[in-house]
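Listed below are the residues making up each chain.
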Amino acid sequence: MTIRFDDPNRPNSYIGRTVPRPNAGRLVAGRGRYVDDITLPRMVHVAFVRSPYPHARIGAIETEAAKAVKGVLRVFTGRELAEVCTPWEGKLLHLEGMKTPPQHALAVDRACWVGEPVVAVVGRTRADAEAGAALVEIDFEPLPAVTDIRTALDADTPVLHEALGDNLCFRKTNEKGEVDRIFAEAHKVVEASFKTARHTGVTLEPRVILADWNSGDGEMTAHVSNQAPHMLQLLLAEHLSIPESRVRVVCGDVGGSFGVKVHVYPDEVATAAIAKIMERPVKFTCDRMEAFVGDIHARDHEATGRIALDETGRILGFDVDDWTGIGPYSIYPRTSAVEGLQVTNLVGGPYAFDHYRCRTSVVFQNKGICAQYRAVGHPVAVAITEGLVDKAAAEMGLDPIAFRRRNLVADDAYPLTTAAGLKLEGLSHHKSLDALVEAMDYEALRAEQKALREKGIHRGIGIASFIELTNPSPFMYGIGGARISAQDGCTVRMDPDGSVVALTGVTEQGQGTEAIMAQIVAEAVGVSPAMVRVVTGDTRVTPFGGGTWASRGAGIGGEAALQAGRAVRGQALEVAASMLQAKAGDLDIRDGIIVDAETGEARMALSEVGRIVYFRGDTLPKGLPRELMQTRHFITSNYPYAFTNGVQASYVEVDTETGFVTLLKHWCVEDCGRIINPLLVDEQIRGGIVQGLGAALFEEICYDQEGQLLNGTMADYLVPMSGEMPDMVIRHVETPTEESELGAKGAGEAGTAGAPAAVMNAINDAIRPLGGTVTHMPFTPERILRALGTITD
């Protein structure tokens, strides 16, 4: 069960306080150490020749000209690397019927998307490697490309991988109740089609790996910008035939990830394989243009949905058919089926109804690989759900807030299992909605909207309720055979001066892991956060853990840190009690001082305990436990996931002559359980909202009908800029999970989950009186003008 952190006897709890990031000063001073900052003796660089074709057979490869370039050391083809690096398949065993072909570090027989690495050129410098790569000649035989999601399974569509029989990777139907009967008998059925554009993460720091094979020790060390070092350790070991204990993965400072850096990439595995062959350090830095074709994409979905209503406006059921294209391979090891699978689980999540059907069809195509990206599947499911909900409210003549109050699951209805089969512990939809209405002054905003509309100014208010999956258990990946850890660990050590070192399996990606771990450990031990040093991202020293993904750091890694810190605290108090001839239960540690628990009177500095334990242990009673270093691991047990919930609102103005949308203000109320650091949570939510706004209005990876990428540069791929972002108001409701004493859930993806749907509903609220509706993201000026009938060709 959860515990209180507002104990009047401990008024200075660090849980729930805004504490500065301990690494902030170092980073803003330019003293961060990213992978590309690392230079090792004898280090060389690798550049990749990538396929210019979406689908082509690989014929003869001419490398002599490249090898003749001064500074070029080696050139590798796919067949050469296949001799030392085994292929992989991104499948989960519990996803019945899922199939995907083997993928190699370098393409062997065929290239299957524009940007797939085919040849690797190693040079003394990056420039040398690129100069050599430019001279590699490959005899490509273009093959028919599969590009359209909806026709991928048609009989006349070429089969991308003949051994699989068709282009279907995975299909799942989640169904409960009597859907066909309910929709046939419903008072009203509202239908709509939705499309979310393929986009990518555009991390501030691109992917980088520096792999070093030490033949003397038989050990591989990989410095890599990654979210899950222990996962990567196991997979490099498996596919390079190295004992797991002989692979060390180090993830230092990471300049953003958003899910992009939690996958296995062929160019990174190829770099490690080349390091093993050449027995020297090899670095690969993915440049920005390579990132557009090499990094994972996400959100390529098309869906049709229906919602059934009774005569009072209550929801009876949802019926959704979702299609998603994932590229030519399923990502390894998490698979590319999870985004579609999440849609089947999350549609309708905040609402009370009994009849449900949602099918996802995951198909192969000759485009970049799609995979898990911030808020996996959530923005798609929320857009479908909230788009249907808003349209239903409009057709029933109900205010969107009133419609939601009528249909949201009651706050006292938990625990419950949704129609989609999700087990929910405790959420706060109504409290959150009430807080949102108050924060935005909803009635006044509606009055302002009405007055401005009479003047020809078209503004809209959009609402989006959502649930968010956090703290996943082994039911997400481990059950399917993937070696992805759902548990996490933390080792806490007290040093002689009373300071504390915490080593955690959760990684720092810029989201504030070091700050929250320092706060939790400081609270647990009884010192200030300034006395805690956090170490992350090194498989040699940190406890085995899952790393950073699915908003799990605080909820799982934080609980392990809390328990390890408390264990150290208990040991320190046992030693102090012996030294003071007192009872451990009568003592406490506050701000690094041993005090009388009842009066708060200082008895001894914690550093004195450290001095005695480490240097004068002979003065302590024999047999007295004195282990000032403790490790604890934590995993959830009662629920497969810890769900959070929230609601967002967007206020926009649409210029009906140009189609441009101005974001005026945005609100989010989020219930992420126990809040550890309010400022960090707020900034995580704001950052997520910005990414969601990017999906709604700007970001789209564009391919032509032949599978050629059309906008693979920052000049053509639009991302949200600070000047375009609205003021954001963040509020919170706290419903701690009972799964842990800390009570924390996750907050990293909530902003992204709800923002696109809120903007969509706001735009439609503005243009619906003019007969327009948009459901194809991003909502560009052209699409808005087409919806208004201004553009008809």
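Residues numbered from 1 in each chain as written. Predicted model: local features only at pLDDT ≥ 70, side-chain atom pairs only at ≥ 80, totals over all residues. Heavy atoms only, no water.

Caption draft 1: Just the packing of helix α14 (residues 513-525) against helix α15 (residues 553-580), in detail. In contact at an axis separation of 7 Å, α14 and α15 are set at 30 degrees when each is read in the N-to-C sense. Put simply, α14 runs roughly parallel to α15. Viewed along their axes, α14 and α15 form a crossing whose handedness is right-handed. Contacts between α14 and α15 involve I516, M517, I520, V521, E523, A524 and V525 from the first element and G553, A554, G557, G558, A561, L562, G565, R566 and R569 from the second. (Axes fitted to C-alpha atoms, helices over the stretch in contact; angles between N-to-C directions. Helix = DSSP H or I, 4+ residues; strand = E, 2+ residues; numbered from the N terminus. Parallel < 35°, antiparallel > 145°, perpendicular 65-115°, else oblique. Left-handed = near helix turned anticlockwise from the far one by under 90°. Contact = heavy atoms within 4.5 Å.)

Caption draft 2: The sheet that holds strand β2 (residues 56-62), seen in detail. In spatial order, the strands read β4-β2-β6; together these three strands make up an open sheet with antiparallel pairing. Whereas interior strands pair on both sides, the edge strands pair on one side only; in this sheet they are β4 (110-111) and β6 (137-142). Pairing geometry for β2 and β4, over two bridges, is antiparallel. Paired with A56 across the two strands is A111, which belongs to β4. (Pairing = 2+ DSSP bridges.)

Caption draft 3: Expanded view of unusual backbone geometry. For the bond from Y414 to P415, the omega torsion is 0 degrees, close enough to zero to count as cis. For P415, the position within the fold is in the loop between α11 (400-407) and β18 (416-417). The step from M777 to P778 runs through a cis peptide bond, and the omega angle for that step is -5 degrees. Looking at the secondary structure, you find P778 in the loop between α18 (750-767) and α19 (781-788). A positive phi is found at S241, a non-glycine position, where the angle reads about 55 degrees. With respect to the secondary-structure elements, S241 resides in the loop between α6 (229-239) and β12 (247-250). Here S241 falls in the exposed class, since its relative accessible area comes to 57%. (Buried < 20%, exposed > 50% of the residue type's maximum accessible area, 1.4 Å probe, protein only.)

Caption draft 4: Layout of the sheet that holds strand β30 (residues 727-732). Read across the open sheet, the four strands follow the order β20-β28-β29-β30; overall the sheet is mixed. Edge positions in the sheet fall to β20 (458-470) and β30, since each has one partner strand and no second. Here the average twist between neighbouring strands, direction ignored, is 15 degrees. Relative to β30, strand β29 (residues 661-671) runs parallel, the two being bridged by six bridges. Note that in β30 the partner of E670 across the bridge is H732. Lying over the sheet, helix α13 (residues 442-453) contacts β20, β28 (642-654) and β29, oriented at roughly 145 degrees with respect to β20.

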